[in-house]
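# Survey of secondary and tertiary structure
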Amino acid sequence: MKKTILILIIFLPSLLHAQFFIKGQIIDAETNEALIYVNIAFKGSTKGTITNQAGLFSLSAPAKPDTLMVSFMGYEMKEIPVKPNQNQYLNIALLTEAIEISEVDVTPGENPAFEILRNINKNKKENNYFEYPEFKMRVYNKISFSLNNVNEAIFKSKALKAFDFILAYADSSEFTGDKILPVFLSETVSDFYQQSSPRKTKEIILANKMSGVENKSYSQFTGQIYADLDYYDNIIPLFEKNFINPIAAYARPYYKFYLMDSMSVDGDYCYHIMFKPRFKRELTFSGDMYVDKASYALKKIKVRISPDANINYVKDVQAEILYQKSSDGKWYPKTSTLDVLLELSEKQISVFGHKTTQYSQQTSTIENKALVFDESTPEIYTTSEIFKLNDYWESERPLQLSGTEASIYKMVDTLMSTKRFQRLQKLSTMLYLGYWEMGDFEYGPYYSTYSYNAIEGNRFRLGGRTSNNFSTNIMLSGYGAFGDKDQRFKYGVGALYLLNKTPRTSIRLNYKDDLTQLSVSSNAFSSDNISNSIFSVSANTDLLRIRSADIDFFHQWPKGFGSTLKLNYRDIFPSSYMSFTEPINSFSFQQITDASASLNIRFAYGEKYLEGEFERTAIPSDFPIVNLNIVYGNAFMNSNTYPYAKLEISYDHNFIFGFLGYFEYSLSAGKIFGEVPYPLLKLHAGNETYYLDTKAFNLMNYYEFASDNYFQASFTHHFDGLIMSKIPLVNNLDLRSLLIARGVIGSLSQLHSDVVAFPGNLSSMEYIPYIEAGVGIENIFKIMRVDAMWRISHTKDPNATNFGIRAMFQIIL
């Protein structure tokens, strides 16, 4: 008896709060075909869902479920009683029936939903809070990730048996209808401010709790801005794709609309409109919306991506938002959700992500605007103490965690403490960063351990750097390399010291004596990368020995500005393939010396970073990136050097072309003042590998063209699936097409060749622009892009390659 009572005490709370699901499939009663986008909701409630591409649905039952309402345009509405406190699977067949439309003023012969959609657009400015002169709101975000469709048998294998304890945290998902295993949870509380004229936003993150992580830079991606959607915009961006909003002015050719019965939602009487795509493989949604009858404001909208939308690894996405009217008549968001199902391949474990946002304290005025929008603080700003104790979360959390969610923090801490997980974490870090951690030392990069080139023959390299265990403020690095053909030892050492992490301020020192490839882009493989050896078109004899020492000082300024001040000294030595000869007296230089000071200013407004202790990855914004580089060289050297100055500026941007895809372009220009030997000229970046380099001229040879003033442009338009999805036989392969054009025009003074004679293949463009263009197919097997390139000009030059195929590995959504 005592045992029975004890068991009841332990398990009764979970039984009382157990979650039950109603699952099933909906079909046409006459044809037995699955019906997609069918609305399912509990009677008297807006809680519901829609069927997927197989007609399946899953819905969590409320505490006292009554009747399930099933409705779909062209079919008879059905009411189905449900049983409380048990899981149920329902097979539902709908009968076709004409639908009576509720009364509304319309143009004769017109879909009655169109007039409502026109009024939504007419009243956008009054109803869209993003268009208000200013506003402020408190935002609570909860983001979770779980493994979906988990097969418990895999945890019985030797490799994963150490992790079988996490099965105790398994739960069920209403969105996927499968068993899920939560592995990550994040909570964030922030204050969000916006001013329309001039446009300014500021998010102040007040608190963040993240399972297994305490990193302020990660917190900026868990606040209100991340994945916050403007449902009044013509385009809704999701996973780098541009979906056509069903309320967009040009949405009619892409959607079918159905006006359903009006109903009250959260106290507001609303029109109910369902919508679904007209065509397959378009970036469109299915779902429904509730529109306030008095103001034509969106009261609630739920969207789900088309099942055949061309998005890699994204199996399903559903988003929903509920708006509320404030006391001053303005509309603000009240709650929103985002559900995402990511899947590498079918019938494998997938990842389910869920985001819930609760909005409060909405107001149309901002106090102390000068302080709020202070330009000395970033757009997303974290307070000094954002990692709060549990007492804070118990009082400030507007949505209580479920029992499973509350246990995630403990589960992740336990998981991260296991040695096997730590080894897996080290392996994944090595694959991404190229280094293997061994206590205070990290060996790498592994891809440079062995390589081959025509000068060194087989090249072997060993090197590494200190790890975060050694220090989180200073990182030391070094390597040594040896070639069995040239029998020379090469080496390099370096140090990076962080003076401050927020804003980032650092000093870097480097010294090395090694072979280097000039005339390549910043995007090219390093010369000792094994990939360079594998994909080379021919034996590379263009490497030069360079002995260099440099020191640079970097500081990140507010509003996206960053500056680097650099002092550099280098000796460039000739090789048996490339000599340094003074043409008049045929005098051979033993080396070319270059001592310079440079200032680089980079402006990337709105750019954010994922930061580790030393490494950081930029997350681009929608704004252009501008780079200005000023170099002053050899001003205080002896008479054997040549003073010069360089000025270079670049502008990189991409923008959305709506449903036509997106356009990337890059513009740059530069000028060199003074006469210099050819290694110090602008050597335009060529590519002598089969691997596609998106920042180089892929049909230009190394050392083919040089300039002392130039203008360069690169254009790429990505059509996504706009074209390939409409071509028979290949339209199911999710291929994507693109167009490419690159060109450069420049000039070169003859005086430079009087300093050091040019190699036989190096020349000026003589104001005849070099142009190459092509077409490409990307998303091949979801991992590859292949471009076919044609050389448009300078086609009769010696050693010119007038056509080529270049490929690259590329993982895109």
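Residues numbered from 1 in each chain as written. Predicted model: local features only at pLDDT ≥ 70, side-chain atom pairs only at ≥ 80, totals over all residues. Heavy atoms only, no water.

## Quick notes on the overall build of the chain
Helices and strands together make up the secondary structure of the chain, namely 10 helices and 45 strands. In the chain, which comprises 813 residues, the share counted as buried stands at 48%. Summarising the internal contacts of the chain: among those between residues at least 6 apart in sequence, 61% fall at separations of at least 24. By element, 58% of the accessible surface of the chain is carried by carbon and sulfur atoms, the whole surface being about 39,600 Å². (Helix = DSSP H or I, 4+ residues; strand = E, 2+ residues; numbered from the N terminus. Buried < 20%, exposed > 50% of the residue type's maximum accessible area, 1.4 Å probe, protein only. Contact = heavy atoms within 4.5 Å. Areas by Shrake-Rupley, 256 points an atom, 1.4 Å probe, with all protein chains shown as cover.)

## Topic: the sheet that holds strand 2 (residues 39-42)
Within the open sheet, the four strands sit side by side as 3-2-5-6. Their pairing is antiparallel. On the outer flanks of this sheet lie strand 3 (48-50) and strand 6 (78-81), each paired with one strand and no other. Taken pair by pair, the neighbouring strands of this sheet meet at an average axis angle of 20°, ignoring direction. (Pairing = 2+ DSSP bridges. Axes fitted to C-alpha atoms, helices over the stretch in contact; angles between N-to-C directions.)

## Details of the pattern of salt bridges
According to the stated counting rule, one finds 31 salt bridges in the structure shown. For Lys-369, the salt bridge is made with Glu-134, and the minimal N-O distance between the two is 2.9 Å. Taken together, the residues Lys-369 in helix 5 (residues 369-372) and Glu-134 in strand 8 (residues 134-148) connect sequence positions 235 residues apart. Lys-369 gets classed as partly exposed once you look at its relative accessible area, which sits at 32%. Since its relative accessible area comes to 14%, Glu-134 is described here as buried. Of the charged contacts, one joins Lys-299 and Asp-268 as a salt bridge, the two residues approaching to 2.9 Å between their closest N and O atoms. Highlighted residues: Lys-299 in strand 17 (residues 298-305) and Asp-268 in strand 15 (residues 268-277), separated in sequence by 31 residues. Asp-268 carries the same exposure label as Lys-299, and that label is buried. Ionic contacts of the salt-bridge type, sharing partners, join the residues Glu-456, Arg-459, Arg-461, Asp-486, Lys-490, Asp-514 and Asp-528 into one network. (Salt bridge = Lys/Arg side-chain N within 4 Å of Asp/Glu carboxyl O.)

## As for the packing of aromatic side chains
Tallied over the full model, the rule gives 32 aromatic pairs. Between Tyr-605 and Phe-623, the ring centres sit 4.9 Å apart and the planes meet at 90°, which makes this aromatic pair edge-to-face. With a gap of 18 residues between them, Tyr-605 in the loop between strand 33 (592-604) and strand 34 (608-611) and Phe-623 in the loop between strand 35 (616-619) and strand 36 (625-633) connect regions that are remote in the sequence. On the basis of relative accessible area, Tyr-605 is assigned to the partly exposed category, the value being 24%. Judged by relative accessible area, Phe-623 falls into the partly exposed class, the value being 43%. Counting every residue linked through ring pairs, the aromatic cluster contains Tyr-129, Phe-130, Tyr-132, Phe-135, Phe-192 and Tyr-332. Note that Arg-252 overlies the ring of Phe-114, its terminal NZ or CZ placed 4.1 Å from the centroid. If you follow Arg-461 out to its NZ or CZ, it ends over the ring of Tyr-479, 3.9 Å from the centre. (Phe/Tyr/Trp six-rings, centres within 6.5 Å; stacked < 30°, edge-to-face > 60°. Lys NZ or Arg CZ within 6 Å of the ring centre and 35° of its normal.)

## A look at the pairing of strand 4 (residues 56-60)
Most of strand 4 sits inside the fold, with four of its five residues counted as buried. Bridge analysis of strand 1 (residues 21-28) against strand 4 gives five bridges, and the strand direction is antiparallel. For Gln-25, the partnering residue across the bridge sits in strand 4 and is Leu-56.

## Regarding helix 2 (residues 112-122)
Those residues of helix 2 that sit buried are Pro-112, Ala-113, Phe-114, Ile-116, Leu-117, Asn-119 and Ile-120. As for helix 2, its buried residues are in contact with helix 3 (124-127), strand 14 (255-265), strand 15 and strand 16 (285-292). Two or three places before Ala-113, at the opening of helix 2, Asn-111 has a side-chain oxygen 2.9 Å from that residue's backbone nitrogen. (Polar contact = N/O pair within 3.5 Å; in protein donor to acceptor, adjacent residues only side chain to side chain.)

## Re unusual backbone geometry
Following Ser-197, the chain continues into Pro-198 via a peptide bond in cis, with omega recorded as -10°. Going from Gly-444 to Pro-445, the amide bond is cis rather than trans, its omega being -5°. Considering the arrangement of structural elements, one finds Pro-445 in the loop between strand 23 (441-443) and strand 24 (450-453). Its identity as a non-glycine residue notwithstanding, Tyr-296 has a phi of 60°, on the positive side. Secondary-structure assignment places Tyr-296 in the loop between strand 16 and strand 17. We note that Phe-781 has phi near 55°; this positive angle belongs to a residue other than glycine. Mapped onto the fold, Phe-781 is located in the loop between strand 43 (770-780) and strand 44 (784-791).

## Notes on the side chain of Gln-362
Mapped onto the elements, Gln-362 comes out in strand 20 (residues 350-363). In this structure the side chain of Gln-362 is engaged in a polar contact, spanning 2.9 Å, whose partner is the backbone oxygen of Pro-333.

## Here we look at a nonpolar patch on the surface
Judged by side-chain polarity, Tyr-497, Leu-499, Phe-553, Trp-557, Phe-561, Leu-565, Leu-599, Ile-601, Ile-630, Leu-647 and Phe-673 come together as a nonpolar surface patch covering roughly 970 Å² of accessible area. Those elements that place two or more of their residues in the nonpolar patch are strand 27 (489-501), strand 30 (561-573) and strand 33. Position of Tyr-497 among the secondary structure elements: in strand 27. Its relative accessible area of 38% is what places Tyr-497 among the partly exposed residues. (Patch = residues over 30% accessible without salt bridge, like charges linked within 9 Å, V, L, I, M, F, W, Y side chains within 5 Å.)

## A word on the environment of Arg-504
Summarising the element assignment, Arg-504 is placed in strand 28 (residues 504-516). Each C-alpha atom of the pair Arg-504 and Gln-556 lies 5.3 Å from the other, and the pair is 52 residues apart in sequence. Leave out the neighbours within four places in its chain, and Arg-504 touches Leu-498, Phe-554, His-555, Gln-556, Glu-611, Glu-613, Phe-614 and Arg-616.

## Things to note about empty space enclosed by the protein
Gaps left between atoms show up when a probe the size of a water molecule is rolled over them. For the structure on display, the rule yields four cavities of 30 Å³ or more. What lines the largest cavity is a set of 15 residues, and nearest its centre among them are Glu-282, Leu-283, Phe-659, Gly-721 and Leu-722. (1 Å grid on protein atoms, 1.4 Å probe; cavity = no way out; pocket = protein on both sides within 12 Å on 5 of 7 lines; lining within 4 Å. Points joined across faces, edges and corners; volume = space filled by probe spheres on them.)

## Some thoughts on the sheet that holds strand 4
On the basis of which strands lie adjacent, the open sheet formed by three strands has the order 4-1-7 and mixed pairing. Lying at the two open borders of the sheet, with one neighbouring strand each, are strand 4 and strand 7 (88-94). For this sheet the average axis-to-axis angle between neighbouring strands, irrespective of direction, equals 25°.

## Observations regarding the pairing of strand 34
Burial of strand 34 is one-sided: the residues Tyr-609 and Glu-611 facing one way are buried, the residues Lys-608 and Leu-610 facing the other way are not. Relative to strand 35, strand 34 runs antiparallel, the two being bridged by four bridges. Note on strand 35: the bridge partner recorded for Leu-610 is Thr-617. From the end of strand 34 to the start of strand 35, which pair antiparallel, there are four residues.

## Considering the environment of Asp-734
Within the secondary structure, Asp-734 sits in the loop between strand 41 (709-718) and strand 42 (736-747). A C-alpha to C-alpha distance of 9.0 Å links Asp-734 and Asp-720, two positions 14 residues apart in sequence. When neighbours within four sequence positions are excluded, Asp-734 is seen to be in contact with Arg-281, Asn-310 and Asn-779.

## A closer look at the side chain of Glu-582
Position of Glu-582 among the secondary structure elements: in strand 31 (residues 581-582). One buried charged residue, Glu-582, remains without a salt bridge, the closest side chain of opposite sign being Arg-570 at 21 Å. (Lys, Arg positive; Asp, Glu negative; His and termini not counted.)

## Details of the confidence of the model for the chain
Chain-level statistics for the chain give a pLDDT mean of 83 and a share of 90% at 70 or above. Of the regions scoring below 50 in pLDDT, residues 1-18 engages in two contacts with residues more than four places distant in sequence or in other chains. Across residues 99-104, where pLDDT falls below 50, the model places 14 contacts with residues more than four positions away in sequence or in other chains. (pLDDT = per-residue confidence, 0-100.)

## Quick notes on helix 8 (residues 419-433)
When the terminal C-alpha atoms of helix 8 are compared, their 21 Å separation across 15 residues agrees well with the 21 Å that a helix rising 1.5 Å per residue should span. Just downstream of helix 8 lies Gly-434, where phi reads positive at about 95°. (Expected span 1.5 Å × (residues − 1).)

## Focus on the nonpolar core
Tyr-231, Phe-257, Phe-285 and Met-289 are the most contacted members of the largest nonpolar core, which totals 51 residues. In terms of nonpolar packing, the next biggest core, distinct from the first, is built from 23 residues, Ile-572, Val-631, Tyr-702 and Leu-762 among them. (Core = buried A, V, L, I, M, F, W, Y, C linked by side-chain atoms within 4.5 Å.)

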